[in-house]
Amino acid sequence: MTGRGSPVHDIVVIGGSAGALDAMLDLMRGLPADYRGSLFMVSHIGANPSQLPELLAEAGQLPAVHPRHLQQIEAGHVYVAPPDRHLLLADGTILLSSLPREHFTRPAIDPLFRSAAHAYGPRVVGIVLSGTGSDGTAGLVAIGAAGGITVVQDPAEAAFREMPETALHAAHAHHVVAGAGLGPLLGVLADEPVVMPAPVTSDAGPGEELEVERPFALTCPECGGAIHEVGGSGILSYRCHTGHRFSANELLAHQVSDVERAVMVAIRVLQERTALCRRMIGDATAARRTYGVAYWSRLKGEAENELGVLWQFLHKATDANASEPDYAPASK
């Protein structure tokens, strides 16, 4: 780093899919020995187990891990999105999200890029590597709009060129670099001071990445189709396009029942996970695997905490009859 006290390009977000592993390893090998930036990587692994942190650490000189939720960011570290979790950045903190998939995958690249652009603005370097589809393109545009540096792996050398080509055309990347040139480029950018803009007041924030969008329409409990309000009957009613009709209270009661069923399924799965963790803790203890005991104990604790939240929710009786009566005037 510069040591001049000015912000530098030290927040590096990297995304890739098919064929991106070689470029990621090349990047790690090419980093300067004294590199002090923080790297955040997303690969389209879905819910599958991943050894990417170990591979990255072996290829380079920086420690690489799957981070914990709310883990503090440290300079000179590599953080890899864990299976089935979006990796997001807040100011100095890592957030892990299990909200809906983007581009048919979780983890996805765009959520990381968007959150980095919001939290760090011009300090961010965004890199899109080999892959298919368009994940990373919108995020790279957001990084560029926030004053950050946009980088794309040279499509000519990418094993799958669709992702870098799409990002290149949409984001007008500042740099198009072969995999072997990524590490040296980051070393140069880490010594390049950043001019920080004046703070901009905005209602948007990193929290919006963790929020579920409001539904565009209610759905029919019979067939799953969209439903609309039906007027002229004197009571608040709903009808779907196939003809199913419900009063507001009937619809609410079905929603309450759906929530309860979903909670009970979640409780069952978490109880089974807790039992499995106990079994694995016993095996690890018998084999004197200290790391294994700590790992399975952590998973057991997380499952027990989540169970506690669900039981508290379930014990809060939901009374559908406490709603307004069916004869409330329907909105026009």
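Use the structure listed above.
Conventions we followed
Residues numbered from 1 in each chain as written. Predicted model: local features only at pLDDT ≥ 70, side-chain atom pairs only at ≥ 80, totals over all residues. Heavy atoms only, no water. Core = buried A, V, L, I, M, F, W, Y, C linked by side-chain atoms within 4.5 Å. Buried < 20%, exposed > 50% of the residue type's maximum accessible area, 1.4 Å probe, protein only. Helix = DSSP H or I, 4+ residues; strand = E, 2+ residues; numbered from the N terminus. Contact = heavy atoms within 4.5 Å. Axes fitted to C-alpha atoms, helices over the stretch in contact; angles between N-to-C directions. Left-handed = near helix turned anticlockwise from the far one by under 90°. Nonpolar A, V, L, I, M, F, W, Y, C, P; charged D, E, K, R; others polar. Pairing = 2+ DSSP bridges. 1 Å grid on protein atoms, 1.4 Å probe; cavity = no way out; pocket = protein on both sides within 12 Å on 5 of 7 lines; lining within 4 Å. Points joined across faces, edges and corners; volume = space filled by probe spheres on them.

> How should the nonpolar core be read in this particular structure?
Nonpolar side chains tend to gather and get buried jointly when the protein is soluble and globular. Core analysis: the biggest nonpolar cluster contains 29 residues, and Leu27, Met28, Leu39, Met41, Leu56, Val78 and Ile127 have the highest contact counts within it. At the level of secondary structure, the elements contributing two or more residues to this core comprise β1 (11–16), α1 (21–30), β2 (38–43), α2 (52–59), β4 (78–80), β7 (124–128), β8 (149–153) and α6 (179–189). If you tally residues by element for this core, the top one is α1, at five residues. Those residues in contact with Leu56 that sit more than four places away from it in its chain are Met24, Leu25, Met28, Met41, Ala64, Val78 and Val80. Grouped together as the second largest cluster of nonpolar side chains are 26 residues, Val13, Tyr79, Met163 and Ala167 included.

> Can you help me understand the packing of helix α4 (residues 137–145) against helix α5 (residues 162–171) in this one?
When two helices pack together, their arrangement is given by the angle between their axes and by how far apart the axes lie. Two elements in contact, α4 and α5, have axes separated by 9 Å at closest approach and are oriented at 35°. Of the two elements, α4 crosses α5, and the hand of that crossing is right-handed. Every residue of α5 that contacts α4 at Thr137, Leu140 and Val141 is listed here: Met163, Thr166, Ala167, Ala170 and Ala171. Looking at side-chain class alone, the contact of α4 with α5 contains six nonpolar, two polar and no charged residues.

> What am I meant to see in the sheet that holds strand β10 (residues 218–219) here?
Sheet strands pair via backbone hydrogen bonds, and the direction of the pair is either parallel or antiparallel. Spatial ordering of the open sheet is given by β10-β11-β12-β13, a layout of four strands whose pairing is antiparallel. Edge positions in the sheet fall to β10 and β13 (245–247), since each has one partner strand and no second. As defined by bridge partners, strand β12 (residues 237–240) adjoins β13 across three bridges and the pair is classed as antiparallel. The partner of Ser237 across the bridge, within β13, is Ser247. Across the sheet, helix α7 (residues 248–286) touches β10, β11 (226–230), β12 and β13, and the angle it forms with β13 is around 90°.

> How do you make sense of the sheet that holds β4 when you look at a structure like this?
Pairing is parallel in the open sheet, where seven strands are placed in the order β3-β4-β2-β1-β7-β8-β9. The open sheet is flanked by β3 (64–65) and β9 (175–177), the only strands paired with a single partner. Strand direction decides the pairing type here: β8 and β9, joined by three bridges, are parallel. Looking at the pairing, Gln153 lines up with Val177 of β9. Contacts from α1 reach β1, β2, β4, β7 and β8 within the one sheet, and its direction differs from that of β2 by about 170°. Along the sheet, α6 contacts β1, β7, β8 and β9; its crossing angle with β9, the most-contacted strand, is approximately 140°.

> So what exactly am I meant to see when it comes to unusual backbone geometry here?
Glycine aside, negative phi is the norm for most residues, and most peptide bonds take the trans geometry. Going from Arg106 to Pro107, the amide bond is cis rather than trans, its omega being 10°. Position of Pro107 among the secondary structure elements: in the loop between β6 (93–97) and α3 (109–120). A positive phi angle, near 70°, is found at Leu70, a position not held by glycine. The backbone phi angle of Asp84 is positive, close to 65°, even though this residue is not glycine. Along the chain, Asp84 turns up in the loop between β4 and β5 (86–90).

> What is the right way to read the layout of surface pockets from this model?
Rolled over the atoms, a probe as big as a water molecule pinpoints where empty space is left. In this structure, the largest pocket spans a volume of roughly 1400 Å³. Along the wall of the largest pocket there are 28 residues; nearest its centre are Pro82, Arg85, Arg298, Leu299 and Glu302. Those elements that place two or more of their residues in the lining of the largest pocket are β6, α7 and α8 (290–315). Per-element tally for the lining of the largest pocket: the top contributor is α8, with nine residues.

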